[in-house]
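One letter stands for each residue in the lines below.
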Number of protein chains: 2
Amino acid sequence: MVDVTTTSSDLYPVTRVADAREATAAAGIDALLLTPGPDLRYLTGYDALPLERLTCLVVPAEGEAFMVVPRLELPAAEHSPASRLGLEFVPWDETDDPYSLVARRIGPAATVGLADRMWAMQSLRFRAVMPGIEQVLAGSVLREMRMRKSPAEVAALREAGAAIDVVHALVPGLLKAGRTEREVGKDIAEAILAAGHATVDFVIVGSGPNGASPHHELSDRVIQAGEPVVVDIGGQMPSGYCSDSTRTYSVGEPPADFAAYYEVLRQAQDAACAAVRPGVSCESVDAAARQIIEDAGYGDRFIHRTGHGIGLETHEEPYIVSGNTEPLAPGFAFSVEPGIYLAGRHGARIEDILVCTETGGERLNNQPRDLVVV
Amino acid sequence: MVDVTTTSSDLYPVTRVADAREATAAAGIDALLLTPGPDLRYLTGYDALPLERLTCLVVPAEGEAFMVVPRLELPAAEHSPASRLGLEFVPWDETDDPYSLVARRIGPAATVGLADRMWAMQSLRFRAVMPGIEQVLAGSVLREMRMRKSPAEVAALREAGAAIDVVHALVPGLLKAGRTEREVGKDIAEAILAAGHATVDFVIVGSGPNGASPHHELSDRVIQAGEPVVVDIGGQMPSGYCSDSTRTYSVGEPPADFAAYYEVLRQAQDAACAAVRPGVSCESVDAAARQIIEDAGYGDRFIHRTGHGIGLETHEEPYIVSGNTEPLAPGFAFSVEPGIYLAGRHGARIEDILVCTETGGERLNNQPRDLVVV
C-alpha cells in the first residue's frame, strides 16, 4: 500500500507549483485558483476535503503561491504534503469572507484559471468579488502536465491495477445464480477496500439485460443461470491514483450469440491495445477497436468511446474517442474498454488500463480476458 | 436497508420538479440547470454518476422540464426513479455538443440557476454557449425546499443515524494501544459498509495530538495508552441520505485535564441540543454550546462552528454558526458538534444529528456520550 507520507516526494514532487506557475504565465493567465480536488492534489499532494468552506491554492503567474485555508483545516494542511512546499498558508475564520481575501491578494488581473471541478457555489462567488475578470479552466494549463505521468505515477497506477486485479480474481467465487447484483456488489466493495484501496469509487454488476446498459450500477435483480455479467469496478488508492477494470463473466454456459460477439470484442480490445505507441492519435486507438467490431456487424452496438485517461481521476484526459487527434506520448495512461451491447438481452465489455511507453503500451491489468464461465 | 426502487415515491415525490419550477419562476430565473449531484437527485431521485459527459436536468420557469443525457447513460436514466416523472430524455452522442443543445432548447433567457456543485468545466461551457446570460446558484431556489425535510426524509436520516450508531458501538473493540489510526480506520470503513451504507464518506481517527486537528483523517501514528481518540465517521445510505457522528474515546485512563474539559464539552453539546426548537435561530444554537465552553475558559479552543445541515449532502444548509439568523423550522436536520482542541496534545468532539420537530429537537444518534474508556 503506497503511503503518501513516505512517497510524497516521488509522487508529488515539490517542483510542480513552480512548473505550473511557468505554464500559467506562458498561457497569459494571471493566477490559478485551485480548490480541493485532483488539480490541487497534483500540485501539492494535499488531499484536502472538498467542503463548502473555501480551501484554495492560488498560483499567480508572478509572485509566490499561497493557500487560503479555513482555520480549522490549518493543522491538516500543515501536516499534509503541501507543507513541504514552503507555501504561505493564509487561514480564515468562520465569519470571514475568504473569496474577498483571495481577490485582494491577487489584485488587478484580467484572467484567472479555475480548477476544472470547482463547484459553482465557489466559481460564482469568485466572479462576484472579481467583476470583469475572465474565468478560464486551470485544465488548459495543467492538462499537459497531468497527462504525462512520471515514473512514480506509473508505478502508483501499476499498483492500483494490481489491486483491482486481486478483486477480479475473487469475482468468480462471488457470482452465483440466485444472488442479487446488490449482494455481489457489496462483497466486491469490501474486497476493493481489503485489496488496499482507500475508497470504492464504483461497482457495476450488470447481469443479463442490465449488462447492456454500460453504466448500470447495482440492482436487486437476481442473477440467473446462463447469464453473462459485466463487472466494472474501481477505487482510489491511498496514493491518490485510481483503478478501473472490467471483465465480463458468464454464470453457466452463455447463449451462443453472446459467445460469438464476446470473441469479436476480445479481438477488438487486443487490437486497440496493440495500436498504442507514441505518436499514434487517440482517435486511431478508438478506430482500431471500432473497425473490428464494425466489420463483424456490431458497429451500432458499440455505443461509447473506447476509453478515458486515468490518474488522480478515474476519467481525465486524454479521451480515446473519435475526433481526438492528440498524439499519445510516453506516460499517457488510459483505459481501453470496447463493449458490445444487445439492448434488452445482454452485453459485454473488456477493460484494461494501459500506459504508453517509449515503444508501445503496457497493460496494467492482467486478469484473463478469455470468457470466464463460473 | 432502504431500497430506492421501492421507496422512491415517498422519498422523492414526483411533485418536486413542479414545485421547483414554480419557485424558479417566482425567483425570476428562466431555468435551472442541474448536473448530477444532490440537487438533481433531490428533484428526481436519480443518482446519476458525476462525469465529464454532460447529464443535465433543465427546469424552465415556463414549459416542460427535460433531461439531457449521454446516449450511453440513457438506459440508466430510463431505469432510474427519474423515469417516473414523465420527463423527456434528450440523448446526445459522443461527438455532439450537449451544451449547445441545452442552449438552443432554452432559447432567449436572462438568468439561469446552476446546480451548486456544478463543475467549472461545465459552468464555463454553459457561459460560452449562453453569452450574456447571468448565472446564479440553483440553491437560491432549492434551499428552502431542501432544508425542510419531509417525514420520509427524516425517516431516512433516522435510519442513517442508527446505522452509524451500530459502527460506533463496535469502535471500543477496535481501539487498542499499539494499533495505528489507519488500521483502525480500515476496520471502521468496512463496518460502515456492513452496517448498510452504500459508501464510506469519511473516517477520522485522531489519536492524541491528531485529535486536536478537527479534520485530521488517518495516519500511521500508533495509538498510545492513555490517549484520547476522536472518531468522526459517516457515509451515504442507499437512500441517498447521509450519516455523520462523532464520539471521543480514551484508550486507558486519560490525562486529568482532558477528563475535565470533556465534561465541559458534554454539557455544551447537551445545552445546544436542548436549545433546538422551531423559531430559534441557528446562531443561538451555536451560542448555547459556545457560552458553556467560554465560561469554562476554553472559548479559544472551540475553533469551528457548532454544526451543519445534513441530508443528501453531509454538509448543506442550514449552518449552525454565528451570524446565521435563519430560524429553525420543523424538518430542519443538522449536526450539533462542539469540540475543544488543545493543539499539540489532544482534543475532543461530540456530534449528533438532530432534527427539529414541532416542539424541540430529536437526536438521531444515540450512542452514549459519557466518555468511554476502552
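Residues numbered from 1 in each chain as written. Chains lettered and ligands numbered in written order. Predicted model: local features only at pLDDT ≥ 70, side-chain atom pairs only at ≥ 80, totals over all residues. Heavy atoms only, no water.

Trainee: Give me the lowdown on the overall build of chain A, citing residues and values where you can.
Mentor: A count of helices and strands for chain A gives 11 helices and 17 strands. Taken over C-alpha atoms, the radius of gyration comes to 22 Å for chain A, in line with the 21 Å a tight globule of 374 residues would show. Along the first, second and third principal axes, the C-alpha set of chain A runs to 70 × 40 × 35 Å. Evaluated residue by residue, chain A yields a buried proportion of 61% over its 374 residues. In chain A, the share of contacts with a sequence separation of at least 24, taken over all contacts with a separation of at least 6, comes to 68%. Taken as a whole, chain A presents about 12,800 Å² of accessible surface, with 52% of it coming from carbon and sulfur. Measuring between centres, the 31 positive side-chain charges of chain A sit 1 Å from its 52 negative side-chain charges. (Helix = DSSP H or I, 4+ residues; strand = E, 2+ residues; numbered from the N terminus. Rg over C-alpha atoms; globule rule 2.2 N^0.38 Å. Buried < 20%, exposed > 50% of the residue type's maximum accessible area, 1.4 Å probe, protein only. Contact = heavy atoms within 4.5 Å. Areas by Shrake-Rupley, 256 points an atom, 1.4 Å probe, with all protein chains shown as cover. Lys, Arg positive; Asp, Glu negative; His and termini not counted. Charge placed at Lys NZ, Arg CZ, Asp CG, Glu CD.)

Trainee: Tell me what's going on with the packing of aromatic side chains, and back it up with residues and numbers.
Mentor: Counting across every chain of the model gives 10 aromatic pairs over all chains. Between A:Y261 and A:Y298 the ring centres are 5.6 Å apart and the planes differ by 55 degrees, which places this aromatic pair in the tilted class. Here A:Y298 lies in the loop between helix 11 (282-295) and strand 10 (307-309) and A:Y261 lies in helix 10 (residues 256-274), a separation of 37 residues in the sequence. Both residues of the pair, A:Y261 and A:Y298, count as buried. Ring geometry for B:Y99 versus B:F126: centroids 5.0 Å apart, planes at 70 degrees, classification edge-to-face. With B:Y99 in helix 5 (residues 98-106) and B:F126 in helix 6 (residues 120-129), this pair connects stretches of sequence that are 27 residues apart. (Phe/Tyr/Trp six-rings, centres within 6.5 Å; stacked < 30°, edge-to-face > 60°.)

Trainee: Outline the domain arrangement of chain A, listing residues and values.
Mentor: Residue and element names in this part refer to chain A. Domain annotation for chain A reports domain 1 (8-146) and domain 2 (148-373). Spacing between the C-alpha centres of domain 1 and domain 2 amounts to 34 Å. Contacts between domain 1 and domain 2 engage 12 residues on the former and 16 residues on the latter. Carbon and sulfur atoms supply 39% of the area that domain 1 and domain 2 bury against each other, a total of about 1,200 Å² over both sides. (Domains from an automatic or database assignment. Buried area = accessible area lost by both parts, 1.4 Å probe.)

Trainee: Lay out the relation of the copies chain A and chain B with the relevant residues and their values.
Mentor: Note on the copies: chain A fits chain B at an RMSD of 0.0 Å, the axial shift is 0.0 Å, and the rotation between them is 180 degrees. Here the two chains are linked by the operation of a two-fold rotation axis. By C-alpha distance to the rotation axis, the residue of chain A lying nearest is A:W119, at 2.5 Å. Looking at chain A, 100% of its interface residues are interface residues in chain B too, so the copies touch through the same face. (Least-squares fit on C-alpha atoms with pLDDT ≥ 70 in both.)

Trainee: Any details on the interface of chain A and chain B? Residues and values, ideally.
Mentor: Across the contact, 46 residues belong to chain A and 46 residues belong to chain B. Summed over both partners, the interface of chain A with chain B comes to about 4,100 Å²; 61% of that surface belongs to carbon and sulfur atoms. Together, A:L72, A:L124 and A:H215 form the three largest contributors to the area buried by chain A at its contact with chain B, with a combined 14%. Counting every contact that joins chain A to chain B gives 2 salt bridges. A salt bridge links A:E52 to B:R305; the shortest N-O distance between them is 2.4 Å. Where chain A touches chain B, the interface holds 11 residue pairs in polar contact (both at pLDDT 80 or more). Counting only elements with at least two residues in the side of chain A that touches chain B, the list comes to helix 4 (74-78), helix 6 (120-129), strand 6 (134-137) and helix 9 (181-194) of chain A. No other element matches the 6 residues that helix 9 of chain A contributes to the side of chain A that touches chain B. (Salt bridge = Lys/Arg side-chain N within 4 Å of Asp/Glu carboxyl O. Polar contact = N/O pair within 3.5 Å; in protein donor to acceptor, adjacent residues only side chain to side chain.)

Trainee: I'd love a proper account of the sheet that holds strand 17 (residues 372-373) of chain B, names of residues and values included.
Mentor: Residues and elements named next belong to chain B. Pairing within the open sheet is mixed, and its 4 strands lie in the order 7-8-9-17. Where the open sheet ends on each side, the last strands, each with one partner, are strand 7 (199-207) and strand 17. Sheet analysis places strand 8 (residues 227-236) next to strand 9 (residues 245-251), joined by 7 bridges and oriented antiparallel. Its bridge partner lying in strand 9, V229 is registered against Y249. Contacting strand 7 and strand 8, helix 9 (residues 181-194) runs over the sheet at an angle of about 150 degrees to strand 7. (Pairing = 2+ DSSP bridges. Axes fitted to C-alpha atoms, helices over the stretch in contact; angles between N-to-C directions.)

Trainee: How would you summarise helix 11 of chain A if you had to cite specific residues and measurements?
Mentor: All names here are of chain A. The first and last C-alpha atoms of helix 11 sit 20 Å apart over 14 residues, in line with the 20 Å expected at 1.5 Å per residue. Of all the positions in helix 11, only C282, V285, D286, A289, R290 and I293 are classed as buried. Against the buried residues of helix 11 lie helix 10, strand 11 (316-320), strand 12 (333-336) and strand 13 (339-342). Residue G297 follows helix 11 closely and has a positive phi angle near 90 degrees. (Expected span 1.5 Å × (residues − 1).)

Trainee: Lay out the side chain of A:R266 with the relevant residues and their values.
Mentor: Along the polypeptide, A:R266 turns up in helix 10. Not counting residues up to four positions away in its chain, the partners in contact with A:R266 are A:I350, A:R369 and A:D370.

Trainee: Tell me about the packing of helix 8 (residues 151-174) of chain A against helix 9 of chain A, and name the residues and values.
Mentor: Residues and elements named next belong to chain A. For the pair helix 8 and helix 9, the least separation of the axes is 10 Å and the interaxial angle reads 150 degrees. Judged by the angle between their axes, helix 8 and helix 9 are roughly antiparallel. Seen from above, helix 8 lies across helix 9 with right-handed handedness. In this structure, helix 8 uses I164, V167, L170, V171 and L174 to contact helix 9, whose residues at the interface are V184, D187, I188, A191 and I192. (Parallel < 35°, antiparallel > 145°, perpendicular 65-115°, else oblique. Left-handed = near helix turned anticlockwise from the far one by under 90°.)

Trainee: Can you tell me about unusual backbone geometry, naming the residues and giving the values?
Mentor: Generally, phi is negative for residues other than glycine and the peptide bonds are trans, each holding for most cases. With omega at 0 degrees, the peptide bond leading from A:E317 into A:P318 counts as cis. Looking at where A:P318 falls in the secondary structure, it is placed in strand 11.

Trainee: Describe the sheet that holds strand 17 (residues 372-373) of chain A, and please don't skip the residues or the numbers.
Mentor: Residues and elements named next belong to chain A. Pairing is mixed across the open sheet formed by 4 strands, whose spatial order is 7-8-9-17. Strands with a single pairing partner mark the edges of an open sheet, and in this sheet they are strand 7 (199-207) and strand 17. Bridge count between strand 9 (residues 245-251) and strand 17: 2 bridges; the pairing is parallel. By the bridge assignment for strand 17, Y249 is matched with V372. Packed onto the sheet, helix 8 meets strand 8 (227-236), strand 9 and strand 17 and runs at close to 5 degrees relative to strand 9. The sheet contacts of helix 9 involve strand 7 and strand 8, and relative to strand 7 the element is tilted by about 150 degrees.

Trainee: With reference to specific residues and values, describe the pattern of salt bridges.
Mentor: By the definition in use, this model includes 64 salt bridges over all chains. As a salt-bridge pair, A:D352 and A:R363 come within 3.0 Å of each other at their nearest N and O atoms. Of this pair, A:D352 sits in strand 15 (residues 352-356) while A:R363 sits in strand 16 (residues 361-363), placing them 11 residues apart in sequence. Note that B:E153 is salt-bridged to B:R16, the shortest N-O span being 3.5 Å. On the criterion of sequence distance, the pair formed by B:E153 in helix 8 (residues 151-174) and B:R16 in helix 2 (residues 16-26) is long-range, its members being 137 residues apart. Exposure remark for B:E153: the relative accessible area of 2% places this residue in the buried category. The class of B:R16 is buried, set by a relative accessible area of 4%. Salt bridges here are not isolated pairs; linked through shared partners, they connect A:R247, A:E263, A:R266, A:D270, A:D352, A:R363, A:R369 and A:D370.

Trainee: Give a description of the environment of B:E283 that names residues and reports values.
Mentor: All names here are of chain B. Mapped onto the elements of the fold, E283 is located in helix 11 (residues 282-295). Looking at E283, the relative accessible area reads 28%, which means it is partly exposed. Taking the C-alpha atoms as reference, E283 lies 7.9 Å from E326; in sequence the two are 43 residues apart. Apart from residues no more than four positions distant in its own chain, E283 is found in contact with V321, S322, G323, N324 and T325.

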